[in-house]
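Coordinate analysis (summary)
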Amino acid sequence: MSSNPSLRDLYNPPSSAWAFVPPPPPMQNASAPAPAGSATTSYEWTTRPAHNSIFDLSPSLDLSEPSSLDVPLLLRSLVASALLQYTSTALVMPLEVGKLLLQIQWIPRDTPAPSSEVHEEEEEEETLSDSTNEDESYFADPAASHTKYPAPKPVDDQGYVIRTSVLEDGTRPEYIIPVGSMNGTWDMVKRVAVFRGEGWLSLWKGLLTSCIHDVLFSNVQPLVDSLMHSVFLSSAAGLYRPPLLLPVVSHVITGFLLSPLDLVRTRLIAQSAMQRHRTYTGPFDALRQIIVQEGGIRSIYFHPQLLIPTILDNGLRPLLHILMPTLIAPRLGFGPHVAPDTNPVAWAFAQVLGSVASLLITLPIETVRRRLQVQTRGTAKALRTCVETRPVPYNGVVDALWHIVTEERSDLPIKRRLKAKRRQAERAEENDSNDLFVEKQDGSGWLRNTGIGQLYRGMRMRLGVSVVVLLLTTFGGQQEVDGGWAEL
């Protein structure tokens, strides 16, 4: 037997097809045996692409097909995207509602601690047992009564009792949630859910407006950013580092364009859910009333009480998100050059610390912006909110910051005292023996006498979100961390 010294005759060039096709069946009338090379399986390829759609929602990747618009596929993609965004927004909406209501709630500093109701006979017995003795009862006038009636409350010209404290239950409107019992976002969520005038459905007030705002912001901001890069930066410059100003300006422009939606969302969340006290029936009705009664479209965009907070809120947030990690990362002890590609865990930790530090600046600005958004202007009536708001409107950002710090209190929840203990304290004050009572009041010192805590409502929840983001980034292997609130 002689072997073929060359293998060129056995080489069969492959076809340019892309699919496997089984070999043709052997001929039955073949008398000669097939050569050894033809006994192997031959493959043919076809240009049919693989099915790449996810839930039949993504378009085909075959470029040879005609580029006609598939309307049913496009509609399914839009519906799926809308449902995903709506569901994700609905999951976090209760926390957003609780945070916003805490930010706009007004708790004045001179509010006395509320007293719980005690039976009148027990109070009278305690008063007589502590303040009388045998000598006084011997010389006392029998016709005199020991019962002390409360002083009459002031009334207006029509005979209605004037409300003197936000903690008075008798004069509190039925649509306002009692103040003093909510110390955090979750406490406000539970309070809204059980309050008679609100209920569970009130935790999703403004859901549609929030979803539309988030979708538009996430799509308009990259478009504005790319447009500014194409206008102000030359593509022929080669490798360059994008300037810091362009992303910040793109966020400011996008926030300015969508500021009416943010205003409507705040009004819908803040207003009472009771039918007879509700001002707006929906987002379109709210936008229409604001335009008609509060100065038109120009006032919505360019009113100083709305424009300045919008620029500050949408400008400081991305600016601090970019600057803080670059300032904190070199000081973590991982080396002078910490980047997402070289040390993703250290960079994620720096971003979380930067977001926490940024909250110290952005939260007061956001709180002031919410309070100014709740105020009505022009010929519009005052909004009946489900929480206490300041009866006198603020004049601007600086005025709001000053009055929140100087006229409000931060020692929440406000502890209630029994009437008997309060009367005992009053008698001790009359006898110049009230040292213990004064020390108890001074125990809550600076929180009782300052409103700084009111500027940072929702801080603990945002810190928890930052920790969760850090854990997801560390164990999930992601390199991008949302340094802010993540619109939770």
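A few points on the structure. (Residues numbered from 1 in each chain as written. Predicted model: local features only at pLDDT ≥ 70, side-chain atom pairs only at ≥ 80, totals over all residues. Heavy atoms only, no water.)

1. Here we look at the environment of P325
- Assignment of secondary structure puts P325 in helix α10 (residues 304-328).
- Of the residues examined, P325 reaches a relative accessible area of 3% and is grouped as buried.
- It is 8.3 Å that separates the C-alpha atoms of P325 and S355, two residues lying 30 residues apart in sequence.
- Setting aside its immediate chain neighbours within four residues, P325 contacts L320, P330, W347, A350 and Q351. (Helix = DSSP H or I, 4+ residues; strand = E, 2+ residues; numbered from the N terminus. Buried < 20%, exposed > 50% of the residue type's maximum accessible area, 1.4 Å probe, protein only. Contact = heavy atoms within 4.5 Å.)

2. What to know about the nonpolar core
- One finds L101, I104, M188 and V387 to be the most contacted residues of the largest nonpolar core, which totals 30 residues.
- For this core, the secondary structure elements donating two or more residues are α1 (71-104), α4 (185-194), α7 (259-270) and α8 (283-293).
- Sorting elements by how many residues they give to this core places α1 first, with 7 residues.
- Excluding anything up to four places from it in sequence, V387 contacts L101, I104, Q105, I176, I177 and M188.
- Residues L167, L372, Y394 and I414 belong to the second largest nonpolar core, which totals 14 residues. (Core = buried A, V, L, I, M, F, W, Y, C linked by side-chain atoms within 4.5 Å.)

3. Brief notes about the packing of aromatic side chains
- Enumeration over the complete set of coordinates arrives at 2 aromatic pairs.
- Put simply, the rings of F256, Y301 and F302 pair up and form one aromatic cluster.
- A cation over a ring is seen here: R298 above F302, with NZ or CZ 5.8 Å from the ring centre. (Phe/Tyr/Trp six-rings, centres within 6.5 Å; stacked < 30°, edge-to-face > 60°. Lys NZ or Arg CZ within 6 Å of the ring centre and 35° of its normal.)

4. Observations concerning the side chain of Q454
- Structurally, Q454 can be placed in the loop between α15 (445-448) and α16 (459-476).
- Of the polar contacts made by the side chain of Q454, one reaches the backbone oxygen of Q105; its length is 3.2 Å.
- Q454 has contacts with Q105, I107, T367, R371, I404, E408, R409, S410 and L412, leaving out every residue within four places of it along the chain. (Polar contact = N/O pair within 3.5 Å; in protein donor to acceptor, adjacent residues only side chain to side chain.)

5. Some remarks on the pattern of salt bridges
- Per the counting criterion, the structure on display carries 19 salt bridges.
- Close ionic contact of K99 with E96 constitutes a salt bridge, the shortest N to O distance being 3.4 Å. Taken together, the residues K99 and E96, both in helix α1 and 3 residues apart, mark about one turn of the helix. E96 matches K99 in its accessibility class, with the two residues each being buried.
- In this structure, the salt-bridge partner of R288 is D285, at a minimum N-O distance of 2.8 Å. Here the residue R288 and the residue D285 both occupy positions in helix α8, the gap between them amounting to 3 residues, near one helical turn. (Salt bridge = Lys/Arg side-chain N within 4 Å of Asp/Glu carboxyl O.)

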